[in-house]
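One letter stands for each residue in the lines below.
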Amino acid sequence: MQGPRFDSPACSRYTRARMMELTGISASPGIARGKAFLFLEDRLSVPRYDIGAGQVDAEYGRFLAALQAAAAEVKSLVAGQDGTLFEAQLLMFEDPELKDRVRALLGETRRNVEWVFLQILDEMSGKLAKAESQYLRERTVDFADAGNRILGQLMARTRVRLSDIRQPVVLVTRTLMPSDTLGLDHAYILGIAADAGGRTSHTAILARASEIPAVLGLSDISRCVHAGDEIIVDGNRGIVIVNPDDATRERYETRRSEWERKDVVLKEQRDLPAETTDGKLLSIEANIETPDEAESVRAHGADGIGLFRSEFLFIQPGRFPSEEEQLTAYSSVLTAMKGRSVTIRTLDLGGDKVMPGIHLAADDNPLLGWRAIRFCLARPEVLRTQLRALLRASVHGALRIMFPLISGTAELDAIDEIVKEVKIELNREGHPFRDDVPFGIMIEVPSAAITSDILAERADFFSIGTNDLIQYTLAVDRGNEKVAYLYEPFHPGVLRLIRTTIENARARGIPVGMCGELAGDPLATVVLLGLGLDSFSMGPIGIPLIKRIVRSVGIMEAEELVRCLMPMRSGPEIEQAVRAWMEERLDYSSW
Ligand code: PEP
Ligand code: MG
C-alpha cells in the first residue's frame, strides 16, 4: 500500500502537534516510539502547512531567530580564518529587505515560514542566475548556501552522520544509502520511517539486520514531520503515527509489550534443529552485511551464513579494499562460525547498491546495466583480488563462494578462467588454500532460472535470490514504492521459476537454497518446503520464527499444499490460499 502524497488531505491539513497516521510498507518488524530526527542529507525538503492569523508573529520570530543562529554558525565556521568569502552570506542574514518580504508573505499566505522563505529564496535565486553581471551570477552559490543554512536552522536540521547520533531518536528520512547505515546503532536509532524503499530495498535489509523497526515507502513523510515530533513506528503493520494522542500512545505501548513477549517465546526455540515433523532436516542460515555480525548470528540460532554481502567491505570512499584487508574480514567470519558453512558472495555493486566514491558508469537503466558480475568481469583485477583473498581465507573454515546475477554460461566461462589463474598464482606464491571450495551461482535473473538445467552442470550449488528474481520477472523495481503493489512473491510466474530451479538442482544432485527476502517470509516457508528447498537464508532476526514453522509441519503436507497452489491463476489467489492454510493448520494468527 502506498502512503499519502504530500498534497493529500492528510498531509496538507497537518500542523504541528496534530496526530496523523500514515501507511507505508512494513519493512522491519517491531514497534518503536521516540522523537523524530530528520535525516535529509541530500536536499532540503521543506514542509508546507497552514498557520492561523495569530501565528504570523510567532513564525516571523522563528525566522529572526534562524537568521541569528545561521550568522553565528557562519562566524564560528570562519573563526580564525579569512572570512572574505562569507561576507555576502553574513550580509544576507542582516538584510532588512529580506526580513520585510518574509513578514509580508507570511501575512498574505498564512503558511509556515520555511515554505514562505523558500518561495522568496527560489525567486531571488532565479533572478540572480539570470543577472547580466557575472559577479552577481556567481553570487548564486553563496546565496543558496546561506539560504540552506537558514532553512536548516528553521527545520532544526543538523548535518550529522547517523553514527554520530547519541540520543534515542526515530529516524525520518527520504532513503538511506548503504554508507549512511554504517555504524547504525539500535540503542539510538529506535525506528526508521522513510519516503522511499520497498521490503527488499537495501534500507529494509539493513534495518532488519540491525533489528530496527522500519516502515518505508511512505512517499512524503520527510516533508510532513518536524524535528522533535513524537513518532510511533509500527514495523509489524507498516504504520507510522505522528504526534499520537494519549489513547493511541497507550494502545501502542500494549502492542509493544505483547510483541516483545512473543519475541522472547520464539527465541527460546532458536537452538532446536530445523527439522520437519516427518524428519527432514533443513538448514536455516543468516544473511549478513558486515563481518562483525557473524558473532550475533549464532545467537539467533543460525546453522550457518547463507549470504555474506561482501560489497559492504567496499564502502570506504574512493578505493577498493586490499587483498590483505579482505583476507582479514573473510577469515574473521569463517573463524567466528567455527566450521559452520559460510557462503560469501563476490562483489555485487551497482543497481541500487551505490557506494560513495565508486563511480560506476551512469547507466540510464542501472538495474539492467553494469552491475554485479558484469562489473567484476569488466574489471577482472577487482574479482581477482577478491578471489585471492577468499581462497586464502578458505583454510579458516567451511567457505562457499557464490557469484551474483549470472545470466548465462559465458559468464561462467570467464569466471572459471579467472579462478584457474588465481589458483595457479596462489600455488606458485606458496599461499595455502582449500582446493575443494564449492562455487555456486545465484539464480536471480529469469534466464538463469529457465536454463537452470544447463547452469546446474556448471555449479556446486544454487542460491535463489528472489529480491532480484522477482523484480526482473515482474519488471518491478524492488525499491520503488509506486510499483510496490506489483511486487508479488506468489505470482505464478515467480513460483514456476523457483520450482524449475529447484527441480533442476535436484535432478543434478546439487543443493539449492534461497537467500532473497522470501526465504525469511513466514508466509512462504511451507510453500518453499513443499517445492523442495534445502536451505533458507535470511536476516538473523527472522530465524526463530521460520524455525518454528519448519518444526510444525511435515514435507508431505507441504507438497500437498504446493500441488493445490500451482494451478492457481494469480498471486493474490495463491497468497490467500496459503494464509487460509496457515490459519487452519497452524492457527498462525495466535502465534
Ligand atoms: C537477491 O537478489 O535476492 C539477493 C539476495 O541479493 P541482493 O538483495 O543483495 O541483491
Ligand atoms: Mg540480488
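These figures come from a predicted structure and were not determined experimentally.

Colleague: Could you give an account of the site of ligand 1, with specific residues and numbers?
Modeller: As a matter of local geometry, ligand 1 sits amid 16 residues, with Arg309, Lys353, Glu444, Asn467 and Arg478 nearest to it. Take Arg345: an N or O atom from its side chain is 2.9 Å from an oxygen atom of ligand 1. Within the complex, 100% of the 290 Å² of free accessible area of ligand 1 lies under protein. Here the element with the most residues in the shell around ligand 1 is helix α17 (residues 466-474); it accounts for 3 residues. Per-class residue counts for the shell around ligand 1 are 4 nonpolar, 5 polar and 7 charged.

Colleague: Just give me the short version of the sheet that holds strand β15 (residues 512-514), but keep the residues and values in it.
Modeller: Reading around the circumference, β9-β10-β11-β12-β13-β14-β15-β16 is the order of the 8 strands in this closed barrel, with parallel pairing throughout. The mean angle between the axes of side-by-side strands here comes to 25°, regardless of whether they run parallel or antiparallel. Looking at chain direction, strand β12 (residues 398-403) and strand β13 (residues 439-443) are connected through 3 bridges and run parallel. Counterpart to Ile401 in the pairing with β13 is Phe439.

Colleague: Kindly report on the sheet that holds strand β4 (residues 169-173), identifying the contributing residues and their values.
Modeller: A sheet is described by the order of its strands in space; here 8 strands give the open sequence β1-β8-β7-β3-β4-β5-β6-β2, paired in mixed fashion. Either end of the sheet is taken by a strand with one partner, and the two such strands are β1 (20-23) and β2 (25-28). Averaged over all pairs of adjacent strands, the angle between their axes in this sheet comes to 30°, without regard to strand direction. Bridge count for strand β3 (residues 31-39) against strand β7 (residues 230-234) is 5 bridges, and the pairing is antiparallel. The residue bridging Gly34 from the neighbouring strand is Ile231, located in β7.

Colleague: Please set out the confidence of the model for the protein residue by residue, giving values where relevant.
Modeller: The predicted model of the protein has a mean per-residue pLDDT of 87, with 88% of residues at 70 or higher. With pLDDT under 50 throughout, residues 1-15 is counted as low confidence; its partners more than four residues away or in other chains account for 44 contacts.

Colleague: Give me the side chain of Glu59: which residues, what numbers.
Modeller: Looking at the element boundaries, Glu59 is found in helix α2 (residues 56-78). Classification of Glu59 by relative accessible area gives buried; the value is 6%. At 2.9 Å, the side chain of Glu59 forms a polar contact with the side chain of Arg62.

Colleague: Go over the pairing of β13, please, and point to the residues and values.
Modeller: Counting buried positions along β13 yields 5 of 5 residues, so the element is predominantly enclosed. Going residue by residue along β13, you find Phe439, Ile441 and Ile443 tucked away on one face and Gly440 and Met442 tucked away on the opposite face as well. With respect to chirality, the unit in which β12 leads through helix α14 (residues 409-429) into the neighbouring parallel β13 is right-handed. The sheet contact formed by β13 and strand β14 (residues 461-464) spans 4 bridges and is parallel. Pairing of Met442 across the sheet is with Ser463, part of β14.

Colleague: So what about the coordination of the magnesium ion (ligand 2)? Which residues, and what values?
Modeller: Coordination of the magnesium ion (ligand 2) by the protein comes from Glu444 (OE) and Asp468 (OD), over a distance range of 2.0 to 2.2 Å. Taken together, the residues span a long stretch of sequence, with Glu444 in the loop between β13 and α15 (446-450) and Asp468 in helix α17 at a distance of 24 residues. The same class applies to Glu444 as to Asp468, namely buried.

Colleague: Outline the pattern of salt bridges, listing residues and values.
Modeller: Per the stated rule, a full pass over the model turns up 37 salt bridges. The partner of Glu289 in a salt bridge is Arg309, and the shortest N-O contact between them spans 2.8 Å. Of this pair, Glu289 sits in the loop between β9 (283-288) and α10 (294-299) while Arg309 is found in strand β10 (residues 305-309), placing the two residues 20 residues apart along the sequence. As far as burial versus exposure is concerned, Glu289 and Arg309 are alike and both buried. Between Glu381 and Arg379 there is a salt bridge, with the nearest N and O atoms lying 2.9 Å from each other. Taking the relative accessible area as the measure of exposure, Glu381 reaches 42% and is therefore partly exposed. Salt bridges sharing common partners tie together Glu323, Glu324, Arg384, Arg388, Arg392, Glu421, Glu425 and Glu429.

Colleague: Give a detailed account of the nonpolar core, specifying residues and quantitative values.
Modeller: Formed by 100 residues in total, the largest nonpolar core has its most connected members in Leu387, Phe462, Ile498 and Phe536. The element best represented in this core is helix α13 (residues 380-393), accounting for 7 residues. Other than its neighbours up to four places away in sequence, Phe462 contacts Ile441, Ile443, Ser452, Leu455, Ala456, Thr501, Ala505, Ile510, Pro511, Val512 and Gly513. Met92, Phe117, Leu128 and Phe143 belong to the second-largest nonpolar core, a separate cluster that totals 30 residues.

Colleague: Go over the packing of aromatic side chains with me, naming the residues and quoting the values.
Modeller: Summed over the entire model, instances satisfying the criterion amount to 6 aromatic pairs. Look at Phe314 and Phe320: their rings are 5.7 Å apart centre to centre, the planes differ by 65°, and that puts the pair in the edge-to-face class. Owing to a relative accessible area of 1%, Phe314 belongs among the buried residues under this scheme. The interplanar angle of 45° and the centroid separation of 6.4 Å between the aromatic rings of Phe320 and Phe375 together place this pair among those described as tilted. Remark: Phe375 occurs in helix α12 (residues 372-378) and Phe320 occurs in the loop between β10 and α11 (323-336); sequence separation between them is 55 residues. Take Phe320: its relative accessible area is 24%, and that puts it in the partly exposed class. Owing to a relative accessible area of 1%, Phe375 belongs among the buried residues under this scheme. Site record: aromatic cluster; members linked through ring pairs are Phe314, Phe320, Trp370 and Phe375. Positioned over the ring face of Trp115 is Arg111, at 5.0 Å from the centre of the ring.

Rules of the game
Residues numbered from 1 in each chain as written. Chains lettered and ligands numbered in written order. Predicted model: local features only at pLDDT ≥ 70, side-chain atom pairs only at ≥ 80, totals over all residues. Heavy atoms only, no water. Near = heavy atom within 4 Å. Polar contact = N/O pair within 3.5 Å; in protein donor to acceptor, adjacent residues only side chain to side chain. Areas by Shrake-Rupley, 256 points an atom, 1.4 Å probe, with all protein chains shown as cover. Helix = DSSP H or I, 4+ residues; strand = E, 2+ residues; numbered from the N terminus. Nonpolar A, V, L, I, M, F, W, Y, C, P; charged D, E, K, R; others polar. Pairing = 2+ DSSP bridges. Axes fitted to C-alpha atoms, helices over the stretch in contact; angles between N-to-C directions. pLDDT = per-residue confidence, 0-100. Contact = heavy atoms within 4.5 Å. Buried < 20%, exposed > 50% of the residue type's maximum accessible area, 1.4 Å probe, protein only. Right-handed = clockwise from strand over helix to strand, strands pointing away. Donors = N, O, S within 2.8 Å, 3.2 Å for Na, K, Ca; no water. Salt bridge = Lys/Arg side-chain N within 4 Å of Asp/Glu carboxyl O. Core = buried A, V, L, I, M, F, W, Y, C linked by side-chain atoms within 4.5 Å. Phe/Tyr/Trp six-rings, centres within 6.5 Å; stacked < 30°, edge-to-face > 60°. Lys NZ or Arg CZ within 6 Å of the ring centre and 35° of its normal.

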